[in-house]
Amino acid sequence: MFDIGVNLTSSQFAKDAAQVVERARAAGVTGMLITGTSVQESVAASLLARQQHAYCWSTAGVHPHHASSWNAEVAQQVRQLALQPEVVAIGECGLDFNRNFSTPAEQEAAFSGQLALAAELDMPVFLHCREAHARFAALLTPWLDKLPAAVVHCFTGTAEELAGCLALGLSIGITGWVCDERRGLELRALLPQIPVDRLLLETDAPYLLPRDLQPKPASRRNEPCFLPHIVRQVAAWRQEEPEWLGRKTDENARRLFRLV
């Protein structure tokens, strides 16, 4: 099973990142993608991935929260990072109109710039979309025939938005959000609608600790070692066998990010 979304550069992992990776290995996680959300975090992610060669890989990009930093210099820095062998996708990039830490105009400029860069470099994109589906789809669609692959990381949208993403040919990243009885039930019901060859699984650690873990961890920090729990739960809700789904989603990740 492969965790496509680990924020291993988070300050929450500053003291024990290597142990976090080892716990994931011991739990049966067979690989992970470390998320880059800014130039600084993308550099750190690539270094961590290099230290865990052939087990960890990374993305390079600018998250919509940090879109105000996007300029020609940042674009060149992301381009140089993307040439490193451990960097296998551009992102995390997209739109987040929920918080607007950067203005919508800044977000759209950074998103479009990263889509152009991914097309130029023939790299997959690792996408973020929150409360921005229509504009997200409008900006993304013209690039899709120029991109090798795209995954919507940590999908939490509606049935209509899921149908829209699938119609565009996107893969769907599912987190422990679906394990939350307060806000994850709508998405949980949609899980069977995702074709298995488009499904990817992730923890988004250290965020989104599954609320139904038993026994409940002492810390609220999520870790990639909890990915097997997400696999088991998603498999149950899709009426599939957990080991098979873990292998299948691992294959999907390795194919999408061209790790094979």
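Rules and cut-offs
- Residues numbered from 1 in each chain as written.
- Predicted model: local features only at pLDDT ≥ 70, side-chain atom pairs only at ≥ 80, totals over all residues.
- Heavy atoms only, no water.
- UniProt positions renumbered as here; feature names shortened; annotations may be inferred.
- Helix = DSSP H or I, 4+ residues; strand = E, 2+ residues; numbered from the N terminus.
- Pairing = 2+ DSSP bridges.
- Axes fitted to C-alpha atoms, helices over the stretch in contact; angles between N-to-C directions.
- Contact = heavy atoms within 4.5 Å.
- 1 Å grid on protein atoms, 1.4 Å probe; cavity = no way out; pocket = protein on both sides within 12 Å on 5 of 7 lines; lining within 4 Å.
- Buried < 20%, exposed > 50% of the residue type's maximum accessible area, 1.4 Å probe, protein only.

In the nomenclature of an unreviewed UniProt entry, the chain is known as Deoxyribonuclease TATDN1 of Anopheles maculatus. Looking at the Sequence similarities (unreviewed entry) heading of the UniProt record, one finds this comment for the chain: "Belongs to the metallo-dependent hydrolases superfamily. TatD-type hydrolase family."

A. Looking closely at unusual backbone geometry. Look at the link from Gly91 to Glu92: it is a cis peptide, with omega at 15°. Relative to the elements of secondary structure, Glu92 occurs in strand β4 (residues 87-96). Note the cis peptide between Ala205 and Pro206, where omega equals 10°. Inspection of the secondary structure assignment puts Pro206 in the loop between β8 (199-201) and α8 (227-238).

B. The sheet that holds strand β2 (residues 31-34), seen in detail. Across the sheet, which stays open at both edges, the eight strands sit in the order β1-β2-β3-β4-β5-β6-β7-β8 with parallel pairing between neighbours. Each end of this open sheet is capped by a strand with a single partner; those strands are β1 (2-6) and β8. Averaged over all neighbouring strand pairs, the angle between strand axes comes to 30°, with direction disregarded. Seen against the sheet, helix α5 (residues 133-140) touches β4, β5 (125-130) and β6 (150-152) and runs at an angle of roughly 150° to β5.

C. Structural context of the UniProt feature "binding site: a divalent metal cation 1" (unreviewed entry) in the chain. Under the UniProt annotation, "binding site: a divalent metal cation 1" (unreviewed entry) lies at Glu92 and Asp204. For the annotated residues, spread through 113 residues, the largest C-alpha to C-alpha distance comes to 11.9 Å, consistent with a single compact locus. As for the largest pocket, its lining draws on Glu92 and Asp204 from among the annotated residues. Excluding anything up to four places from it in sequence, Glu92 contacts Thr35, Gly36, Thr37, Thr59, Gly61, Val62, His63, Pro64, Phe126, His128 and His153. With respect to the element layout, Asp204 can be found in the loop between β8 and α8. With near-sequence residues (within four places) excluded, Asp204 lies in contact with Asp3, Gly5, Asn7, His153, Cys154 and Thr175.

D. Local environment of the pairing of β4. The buried fraction of β4 amounts to 10 of the 10 residues, a majority that puts the element mostly inside the structure. Across three bridges, the pairing between strand β3 (residues 56-60) and β4 is parallel. Looking at β4, one finds that Ser58 is bridged to Val87. In terms of strand pairing, β4 meets β5 through six bridges, oriented parallel.

E. Representation of the side chain of Thr175 in the model. Inspection of the secondary structure assignment puts Thr175 in the loop between β7 (171-174) and α7 (185-190). Residues contacting Thr175, with those up to four places away along its chain left out, are Cys154, Glu202, Thr203, Asp204, Leu208 and Ile230.

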